[in-house]
Amino acid sequence: MRAVISICRDFREHQRFLVRVCLSVSLFLVVHPCNAQSSTPSTVNGPSDAIDSASSIPKVSPPLTGREEEMLRLIQSLQDRVARLEAERATDSKDISLDTEVEAKKVSARVLAASVVAVPPTRSDIANPIDEAVNSPIEAAGKSLGGKSGGDQEERKFWSPYTPNLGFKIANTEYGDASLSIYTYARYLNQRAIEPTYTNAFGVTSNLQQRQDFQLNKLQIKFLGWMMSPKFRYFLYAWTSNATQGQGAQVVLAGNLNYSFNKYLTVGAGVFSLPGARSVEGNFPFWLSVDSRLIADEFFRPSYSSGIKASGTIAKGLTYQAMVANNRSTLGVSAAQLPNHFNTVSSVLLWMPMGDYGLGWGDFEHHESPVTRFGFHFNHSDENKQSQPNSDSFENVQLRLSDGSVIFTPNLFGPGITITDARYKMASFDAGVKYRGYALEGEYYWQWLNDFRGTNTSGLPTDYAYGYQLQGSAMVVPKTLQIYAGGSQIIGQFGRPWDFRAGTNYFPFKNKVVRWNSEFLYLYRSPVGYTSVPFPLGGTGPIFHSTLELAF
């Protein structure tokens, strides 16, 4: 029994010791912060003020506040209780009340909590006192992007994730998200060495402008994401062509809405590129040249139009796209000019039997194993003169003969003969292979223009045109420097124009976000061309252009 009593006494003595320690800590927290707080200025006008105030320590402490006086009274009351406990222990240690000890512990804990809440942190408790006192929330957010913490170790904080070709995510909620993406480029162009005139197959001569200028050629601002359901996606954009200021369709506000049922079927409505050739499958801007095609591709391809599009996967490595549209090119054409029927159809069947080929030309990705692609495209459209864009429009995609003549030109085929309606059919086949930085890619085209309607058009025969293009590229320095060369030809009843080009692509950040492209090309009687591209309609001769591109 005596052993038990001795153990209880030792336990009570330890408890009293802990109470004394708590009292000492409480007194220190009350007295010491008060002195530290007195050194903090009431206002800080700038970084220099904060530094000066932190280094100056006043000699006289200010009087205690009401909150601090209350804490001192609580501490004094606790000390009195401890003194009474000691007195009771001296007379009869057996009669110490357990309830009194519990109450003393509660009071001590309350005093400690009050002291922590009541006393503000000192300047030494703040990681960066200057930023804490001076910077606004916006300035602090800006510093968090590249600020330093933990000594010299740099810690970067980012506002939103980035996805290549989809831009920065600027909103992410339970109802949807939004990403912002920008595409633009600045181009120096020199056409001064081309021939100043051009004579077409019908003997009509026209003057050519020998340009030399610098342009922020194009700017595209894209907003994309999903809304209400990740399956329901939107893609909206503003697109300008600064080289064609003042002309039709120089500024375009467009986009599309899409719903993905599964991997086999996605349906969309709005403005799309008609998938009638490889360059309009949706792989812009990942071409070897910045926003410039070989002339055969430019001659045969369809353009952008409004309509309904379906796409998806048929089997592993086999995908499709199909679109029903208003016409072959909607840029520069109003709804009042469109025919009242839907017979513009464009489609592609794409096979990649050896794995993912990638969106664009060239093997920037450096495939360790060979990959191939095979694509078959088909286009059909009944067009009329009214639904065609003007010759100077932003995207000058029209029905032309192989010498560049627009088929709707009055009296083109003879006096009194004018075509008002025609049927366009075009099919193409493309193939490509990539391996360890090297790529070889080509495409072959067939085009038929027939079913001519208009004044005296009954005897006009079908116009056939064929063409091809071939391009090869190599990554001389992986992810950094690429060289390429290519050429194309159009074979038709009214001429056989061709072109050749060679160029370099420099990727300073080892990605496709920033690219410096320089290219030399030689044209022979080009049947296509407009202000936005480096070559003019009818051009013959050498052309040089150098372009800095930003695509994120």
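Residues numbered from 1 in each chain as written. Predicted model: local features only at pLDDT ≥ 70, side-chain atom pairs only at ≥ 80, totals over all residues. Heavy atoms only, no water.

For the chain, the helix and strand inventory stands at seven helices and 20 strands. Each of the 552 residues in the chain was classed as buried or not, and the buried ones make up 42%. Considering only residue pairs separated by 6 or more positions, the chain has 62% of its internal contacts joining residues 24 or more positions apart. A total accessible area of about 28,100 Å² is found for the chain, and carbon and sulfur atoms account for 61% of it. (Helix = DSSP H or I, 4+ residues; strand = E, 2+ residues; numbered from the N terminus. Buried < 20%, exposed > 50% of the residue type's maximum accessible area, 1.4 Å probe, protein only. Contact = heavy atoms within 4.5 Å. Areas by Shrake-Rupley, 256 points an atom, 1.4 Å probe, with all protein chains shown as cover.)

To continue, consider the pattern of salt bridges. Under the defined criterion, the tally for this structure stands at 16 salt bridges. The partner of Glu298 in a salt bridge is Arg301, with the nearest N and O atoms 2.8 Å apart. Under the relative-accessibility criterion, Arg301 is labelled buried at 0%. Three or more residues joined by partner-sharing salt bridges are found here, namely Asp382, Arg423, Asp451 and Arg453. (Salt bridge = Lys/Arg side-chain N within 4 Å of Asp/Glu carboxyl O.)

Mapped onto the secondary structure, Thr540 falls in the loop between strand E19 (514-524) and strand E20 (541-551). Polar contacts involving the side chain of Thr540 include one to the main-chain amide nitrogen of Arg525, which spans 2.9 Å. Once residues lying within four places of it in the same chain are set aside, the contact partners of Thr540 are Ile194, Glu195, Tyr522, Leu523, Tyr524 and Arg525. (Polar contact = N/O pair within 3.5 Å; in protein donor to acceptor, adjacent residues only side chain to side chain.)

Turning our eyes to something else, we now look at the environment of Gly467. By the element assignment, Gly467 lies in strand E16 (residues 463-477). Sequence-wise, Gly467 and Ser402 are 65 residues apart; in three dimensions their C-alpha atoms are separated by 9.9 Å.

Right, let's get into unusual backbone geometry. A cis geometry characterises the amide bond from Phe284 onward to Pro285, with omega recorded as 10°. For Pro285, the location among the structural elements is in the loop between strand E9 (265-273) and helix H7 (295-300). In this structure, Lys479 is a non-glycine residue whose phi angle is positive, near 65°. Here Lys479 lies in the loop between E16 and strand E17 (481-492). One non-glycine residue, Arg525, lies in the positive phi region at around 50°. By the element assignment, Arg525 lies in the loop between E19 and E20.

Inspection of the secondary structure assignment puts Gln469 in strand E16. Side chain to side chain, Gln469 and Tyr445 meet in a polar contact 3.4 Å long. Gln469 has contacts with Leu294, Asp297, Trp361, Glu441, Gly442, Glu443, Tyr445, Gly487 and Ser488, leaving out every residue within four places of it along the chain.

Time to look at the environment of Gly360. Relative to the helices and strands, Gly360 resides in the loop between strand E12 (344-351) and strand E13 (371-384). The spatial distance from the C-alpha of Gly360 to the C-alpha of Asn283 is 5.7 Å, given a sequence separation of 77 residues. The residues contacting Gly360, other than those within four sequence positions of it, are Arg278, Phe286, Lys434 and Glu441.

Take the pairing of strand E8 (residues 251-262) next. Of the pairings in the sheet, the one linking strand E7 (residues 229-241) to E8 comprises nine bridges and is antiparallel in character. Within the sheet, the bridge partner assigned to Trp239 lies in E8 and is Val252. (Pairing = 2+ DSSP bridges.)

This part covers the confidence of the model for the chain. On average, residues of the chain score 80 in pLDDT, and 71% of them are at 70 or above. The low-confidence segment residues 92-153 (pLDDT under 50) makes 71 contacts with residues lying over four places distant or belonging to another chain. (pLDDT = per-residue confidence, 0-100.)

Another point: the nonpolar core. In terms of nonpolar packing, the biggest core is built from 30 residues, with Phe300, Leu399, Ile407, Phe535 and Ile543 touching the most fellow members. Put simply, the parts of the chain that give this core at least two residues each are H7, strand E14 (418-435), strand E15 (438-455) and E19. (Core = buried A, V, L, I, M, F, W, Y, C linked by side-chain atoms within 4.5 Å.)

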